[in-house]
Amino acid sequence: RGVVRKLVCAALSFAGAAAVAHYLLGAPALYWCSGGLLLLCLPALALKGTARLRALIICISAALGLGWYGLYTDIFVAPAAELAGQELTVTARVLDYPERDEGYASVEVRIEQEGLPRVKTAVYDYEGLMPELRPGDLAEFPLEFISALERYGEETDIYSSRGILLRAYLGGEAENVRRDWRSFLSFPMELSNLVRGAVEELFPEDVRPFMLGLLIGDTSGLYDDFELDNALSVAGIRHVVAVSGMHLSFLYAVLVALFGKRRASMVGVPVIVLFTFVAGCTASVVRACVMLLLVMLAPLLRREADGLTSLCAGLLILLIANPLSIAAAGLQLSFAAMAGIILLTPRVYARLDALFRRGDKKRRPNAALSFVMASLSSSVGSMAFTTPV
């Protein structure tokens, strides 16, 4: 555990630096502060034992966090911001199926035009020009770009925290729609669409939004069904339709029942990764995926599974992919809740159990009382860190 907890120290330092960079520091100061942290490694060498190692990990990881945030901004964010206000026809790859409503359609694409930044862009169509598109399609889109860093005249990180660095209006029909060998990489989204089609065939209309949220994390239909959405919220179970650790745990339990625990660990790795992509790779899904993968791999590699290390590994992966995601409320709440459950829930449960026993070690709570104490402990644990957020 002493080895794996080094990852916890590194990940938290990296994440803390990313948060400082996002909320407090400007672009020029990032590199100066990063260099200053590296210079602090010199006096840290004078320390002894674990204190020296911990100080070095914190300084180096925080320096990398600041530096990577600055590089990401220079490589992706700044070039994307320069496109705002321009009208261009660009080659872009479709990342998902278009969302359509009355007089409105939108789709996420990634620019793949030579000489332009390869960034994710949200494309909006209010003229009925958007054709039928599939994930993986390449096409030439005439676009009028607008900034993803502003909304209604105010700065926002809603889009950038999700990896969307540009927005654009579709100014004409998309042309030369085609596919290439990389289009195959979008098959998880096509699999998700097959599930969506099966749900529409098998379930009545009033049940479909709930089933889509439960199975693949598609909660868009819930917003259209106010009565259902309100009922889930009032009952306190709306989180059930947000794909996260619960869904992945159920999937893993099915695999264990079918193949046994050891074989389930081998079969489960590709299955869990595939489901994560099918569900859209949201912060809560990626966090749960990384944690479950480490739990499955631990016995195969003859290592100890550690919840806090698994949690921090997921956070580190998300921030390396997009350091701006540190501002996403979903990421903050998801990781804060899990941190509380890992760190506080066992202690709260132990305290409640001790109060029940009152010194009598042979006295044990019945199943109903154990369930109540476990539920209360989990609630306290998850609320402890999410409430400040």
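Residues numbered from 1 in each chain as written. Predicted model: local features only at pLDDT ≥ 70, side-chain atom pairs only at ≥ 80, totals over all residues. Heavy atoms only, no water.

For the pair helix α9 (residues 245-259) and helix α10 (residues 261-278), the least separation of the axes is 9 Å and the interaxial angle reads 140°. The two elements α9 and α10 meet at a crossing, and its hand is right-handed. Contact residues: α9 offers Leu-248, Leu-251, Tyr-252, Leu-255, Val-256 and Phe-259, while α10 offers Lys-261, Arg-263, Ala-264, Ser-265, Val-267, Gly-268, Val-271, Ile-272 and Phe-275. Class assignment for the residues of the contact of α9 with α10 results in eleven nonpolar, two polar and two charged. (Axes fitted to C-alpha atoms, helices over the stretch in contact; angles between N-to-C directions. Helix = DSSP H or I, 4+ residues; strand = E, 2+ residues; numbered from the N terminus. Left-handed = near helix turned anticlockwise from the far one by under 90°. Contact = heavy atoms within 4.5 Å. Nonpolar A, V, L, I, M, F, W, Y, C, P; charged D, E, K, R; others polar.)

For strand β1 (residues 87-94) and strand β3 (residues 104-111), the ladder comprises three bridges, and the chain directions are antiparallel. Following the sheet pairing, Arg-93 is matched in β3 by Arg-110. Bridging between strand β2 (residues 99-101) and β3 involves three bridges; their strand directions are antiparallel. By the bridge assignment for β3, Arg-100 is matched with Ala-105. Between β2 and β3, which pair antiparallel and follow one another directly, the connecting turn spans two residues, one of which, Gly-103, has a positive phi of 70°. For β3 and strand β4 (residues 120-125), the ladder comprises six bridges, and the chain directions are antiparallel. Its bridge partner lying in β4, Arg-110 is registered against Lys-120. (Pairing = 2+ DSSP bridges.)

For the rest of this paragraph, the subject is the pattern of salt bridges. For the coordinates displayed, the defined rule picks out eleven salt bridges. A salt bridge links Arg-93 to Asp-180; the nearest nitrogen and oxygen atoms lie 3.0 Å apart. With Arg-93 in strand β1 and Asp-180 in the loop between β9 (175-178) and α5 (187-202), this pair connects stretches of sequence that are 87 residues apart. Note on Asp-180: relative accessible area 28%, which makes it partly exposed. Asp-137 serves as the salt-bridge partner of Arg-179, at 2.6 Å between the closest nitrogen and oxygen. Here Asp-137 lies in the loop between β4 and β5 (138-147) and Arg-179 lies in the loop between β9 and α5, a separation of 42 residues in the sequence. (Salt bridge = Lys/Arg side-chain N within 4 Å of Asp/Glu carboxyl O. Buried < 20%, exposed > 50% of the residue type's maximum accessible area, 1.4 Å probe, protein only.)

The next thing to look at is the packing of aromatic side chains. Pairs of aromatic rings are described using the distance from one ring centre to the other and the angle between the two planes. For the structure shown, the criterion picks out six aromatic pairs. Ring centres 5.0 Å apart and planes at 45° place the aromatic pair Tyr-72 and Phe-76 in the tilted group. In this pair, Tyr-72 and Phe-76 both sit in helix α4 (residues 49-82), four residues apart, roughly one turn of the helix. Seen in terms of ring centroids, Tyr-104 and Tyr-126 are 5.5 Å apart; in terms of plane orientation they differ by 45°. Their pairing is tilted. Here the residue Tyr-104 occupies a position in strand β3, and Tyr-126 occupies one in the loop between β4 and β5, the gap between them amounting to 22 residues. Site record: aromatic cluster; members linked through ring pairs are Tyr-104, Tyr-124, Tyr-126 and Tyr-169. (Phe/Tyr/Trp six-rings, centres within 6.5 Å; stacked < 30°, edge-to-face > 60°.)

Counting across every chain of the model gives zero disulfides. Cys-33 takes part in no disulfide bond, and the closest cysteine sulfur to it belongs to Cys-59, at a distance of 13 Å. This cysteine, Cys-41, is not joined by any disulfide, and Cys-59 carries the nearest cysteine sulfur, 4.9 Å off. Residue classification places Cys-41 among the buried residues on the basis of a relative accessible area of 11%. (Disulfide = S-S within 2.5 Å.)

Mapped onto the secondary structure, His-22 falls in helix α1 (residues 5-23). Polar side-chain contacts of His-22 include one of 2.8 Å to the side chain of Tyr-69. Residues within four places of His-22 in sequence aside, it is in contact with Tyr-69, Asp-157, Ile-326 and Ala-327. (Polar contact = N/O pair within 3.5 Å; in protein donor to acceptor, adjacent residues only side chain to side chain.)

The next point concerns the confidence of the model for the protein chain. When pLDDT is averaged across the protein chain, the result is 85; 97% of the residues are at 70 or more. When the elements of the protein chain are averaged for pLDDT, helix α7 (residues 220-224) gives the smallest value, 73, and β4 the largest, 93. (pLDDT = per-residue confidence, 0-100.)

Right, let's talk about α9 for a bit. Between the first and last C-alpha of α9 there are 21 Å, a value that for 15 residues agrees with the 21 Å anticipated at 1.5 Å per step. Gly-245, His-247, Leu-248, Tyr-252 and Leu-255 are the residues of α9 that are buried. End-on, the buried residues of α9 take up no more than an arc of 165°, which puts them together on one face. Residues of α9 that are exposed and angled more than 90 degrees away from the buried face: Phe-250 and Ala-257. (Expected span 1.5 Å × (residues − 1). Arc of directions from axis to C-beta.)

This part takes up the nonpolar core. Of all hydrophobic cores here, the largest spans 31 residues; its most connected members are Phe-141, Leu-143 and Phe-145. For this core, the elements supplying multiple residues, two or more each, are α1, α4, β1, β3, β5 and β8 (164-170). If you tally residues by element for this core, the top one is α4, at six residues. Those residues in contact with Phe-145 that sit more than four places away from it in its chain are Leu-83, Ala-84, Gly-85, Gln-86, Leu-88, Val-90, Ile-111, Thr-121, Leu-166, Arg-167 and Ala-168. Ranked by size, the runner-up nonpolar core spans 23 residues in total, among them Ala-11, Met-291, Ala-328 and Met-338. (Core = buried A, V, L, I, M, F, W, Y, C linked by side-chain atoms within 4.5 Å.)

For β8, the buried fraction is high: six of the seven residues fall into the buried class. In terms of strand pairing, β4 meets β8 through five bridges, oriented parallel. Looking at β8, one finds that Val-123 is bridged to Ala-168. Relative to β8, β5 is paired through five bridges, and the arrangement is antiparallel. Among the inter-strand pairings, Ser-147 is bridged to a residue of β8, identified as Leu-166.

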